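Take a look at the letters that make up each chain.
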Amino acid sequence: MANFLVIEDEVNVSSFIKRGLEEEGHKVDVAFDGAMGLSIACHNEYDLIILDLILPQINGIEFCRRFRTTIGYAVPIIMLTALGSSDDIVKGLNTGADDYLVKPFKFKELLARINSLLRRKNLGNFTEKYKFADIVMDTETRTVTRSGQKLQLTSKEYRLLEFFLANPGRVLSRTTILESVWDKNVDLNTNIVEVYINYLRKKVETGFNSKLIHTVIGMGYVLKEE
Ligand code: CA
């Protein structure tokens, strides 16, 4: 279980998030404007904050700036934005948001981002299963099945698949994959990503009826259903 603060003035969005997270067994507080959010965030400890960009009183960018400079503790923040606000996204990420999600989004997309951030922050005992199409990854037992059939993955293949499952529907560049699954200092000229994508595709797709890992020419790879 984790503690969440949702700062969002659109009641239908905040209640949709609250309901979804509570169904996952989490505790959720909601604030409807940036000032209220900041005040609540100052007086409670949260594992993660979901913050809308456009808010009354104090907007998401200003919230991030004040939160990081005054409170400063390492709480991950996911910023919610509208389509076409890429300048704001950059600003948000620069002022202290850890990730963003463009509205409208599916709850499972939000959950994937949350899980990935919480895991990154090593909050421990946050066990989870990733599910995508007919793939299930149990991160506790480190087992992966597709259509109920167990897949034998090496540890790198597992990490690569886990990274895709944590970012479904998102185009991941070769560099992003390299830096996340391998490490920041890896030689960017290597073709190791292509090689491992091929290994992974063989194990995840051969003998099954649909492709899941798609190449986006010139951009990278995306996990999606056809
Ligand atoms: Ca709003």
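Residues numbered from 1 in each chain as written. Predicted model: local features only at pLDDT ≥ 70, side-chain atom pairs only at ≥ 80, totals over all residues. Heavy atoms only, no water.

**Points about the overall build of the protein chain**
Cut-off, in case you're wondering: Secondary structure elements are taken from DSSP: a helix is a run of H or I of four residues or more, a strand is a run of E of two residues or more, and numbering for both begins at the N terminus. Every radius of gyration here is taken over C-alpha atoms, with the globule rule written as 2.2 Å times N^0.38, N being the number of residues. What sets the accessible areas is the Shrake-Rupley method with a 1.4 Å probe; for residues, cover comes only from the shown protein chains. Charge counting treats Lys and Arg as positive and Asp and Glu as negative, with His and both chain ends excluded. A single reference atom marks each charge: NZ on Lys, CZ on Arg, CG on Asp, CD on Glu.
Check the secondary structure of the protein chain and you find eight helices and eleven strands. Taking 17 Å as the expected radius of gyration for a compact globule of 226 residues, we find that the protein chain reaches 18 Å, a close match to that expectation. Total accessible area on the protein chain is roughly 11600 Å²; 49% of this is exposed by carbon and sulfur atoms. Looking at the protein chain, you have 29 positive and 30 negative side-chain charges, and the mean spots of the two groups are 5 Å apart.

**Remarks on the sheet that holds strand E3 (residues 48-52)**
The cut-off we apply is this: A pair of strands is considered paired only if DSSP assigns at least 2 bridges between the two. Interaxial angles span 0 to 180 degrees and are taken between N-to-C directions of axes, which are lines fitted to C-alpha atoms, for helices over the stretch in contact. Contact definition: two residues touch when any of their heavy atoms are within 4.5 Å.
The five strands lie next to each other as E2-E1-E3-E4-E5, forming an open sheet whose pairing is parallel. Strands with a single pairing partner mark the edges of an open sheet, and in this sheet they are strand E2 (27-31) and strand E5 (99-102). Along the sheet, successive strands turn relative to each other by an average axial angle of 20 degrees, direction set aside. Bridge analysis of E3 against strand E4 (residues 77-81) gives four bridges, and the strand direction is parallel. Within the sheet, the bridge partner assigned to Leu51 lies in E4 and is Met79. The strands touched by helix H1 (residues 11-23) within the sheet are strand E1 (3-7), E2, E3 and E4, with E2 carrying the most contacts at an inclination of about 170 degrees. With respect to the sheet, helix H5 (residues 107-120) is in contact with E1, E3, E4 and E5, its orientation differing from that of E5 by roughly 180 degrees.

**Description of the side chain of Asp138**
For clarity, the cut-off: Summary of the burial criterion: residues with accessible area below 20% of their type's maximum are buried, those above 50% are exposed, and those between are partly exposed, where the area comes from a 1.4 Å probe applied to protein chains only. For this document, the term salt bridge refers to a Lys or Arg side-chain nitrogen within 4 Å of an Asp or Glu carboxyl oxygen.
Position of Asp138 relative to the elements: it lies in strand E7 (residues 135-138). Buried within the structure, Asp138 lacks any salt-bridge partner; its nearest side chain of opposite charge belongs to Lys129, at an N-O separation of 4.1 Å.

**Some details on the sheet that holds strand E9 (residues 149-151)**
Read across the sheet, four strands follow the order E6-E7-E8-E9 without closing on themselves; strand pairing throughout is antiparallel. In the strand order of this sheet, the two ends are held by strand E6 (129-132) and E9, each with one partner. Neighbour to neighbour, the strand axes of the sheet diverge by 25 degrees on average, direction disregarded. Inspection of the sheet shows E6 paired to E7 by four bridges, in the antiparallel sense. Its bridge partner being in E7, Tyr130 is matched across the sheet by Met137. Against the sheet, helix H6 (residues 155-166) engages E6, E7 and strand E8 (143-146), with an angle of about 110 degrees to E7.

**Quick word on the state of the cysteines**
Rule in force here: The definition used for a disulfide is geometric: two cysteine sulfur atoms within 2.5 Å.
Here the structure, examined in full by the defined rule, presents zero disulfides. With no disulfide of its own, Cys42 has Cys64 as its nearest cysteine by sulfur position, at a separation of 13 Å. Judged by relative accessible area, which is 43%, Cys42 ranks as partly exposed. Its relative accessible area of 0% is what places Cys64 among the buried residues.

**Considering the pairing of E6**
By the alternation rule, side chains of E6 split into Tyr130 and Phe132, which are all buried, and Lys129 and Lys131, of which none is buried. Hairpin remark: E6 followed by E7, antiparallel, with two residues in the connecting loop; positive phi at Ala133, about 50 degrees.

**As for helix H7 (residues 174-181)**
Here is the rule: Picture the helix axis, draw a direction to every C-beta atom, and the arc is the one those directions span.
Here H7 has its buried residues at Ile177, Leu178 and Val181. Angular distribution of buried residues about the axis of H7 spans 100 degrees; they occupy a single face of the element. Summarising the contacts, the buried residues of H7 are in contact with H6, helix H8 (192-205) and strand E11 (220-223).

**Focus on the nonpolar core**
Basically, it comes down to this: Only buried residues count toward a nonpolar core, which is a set of Ala, Val, Leu, Ile, Met, Phe, Trp, Tyr and Cys residues joined through side-chain atoms within 4.5 Å.
Counting residues in hydrophobic clusters, the biggest one holds 29 residues, and the most contacted among them are Leu160, Leu161, Phe164 and Ile177. Going through the elements one at a time, E6, E7, H6, H7, H8 and E11 are the ones with two or more residues in this core. With seven residues, H6 is the largest single contributor of residues to this core. For Leu161, the contacting residues outside a window of four places in its chain are Ile135, Met137, Val144, Leu153, Leu200 and Val204.

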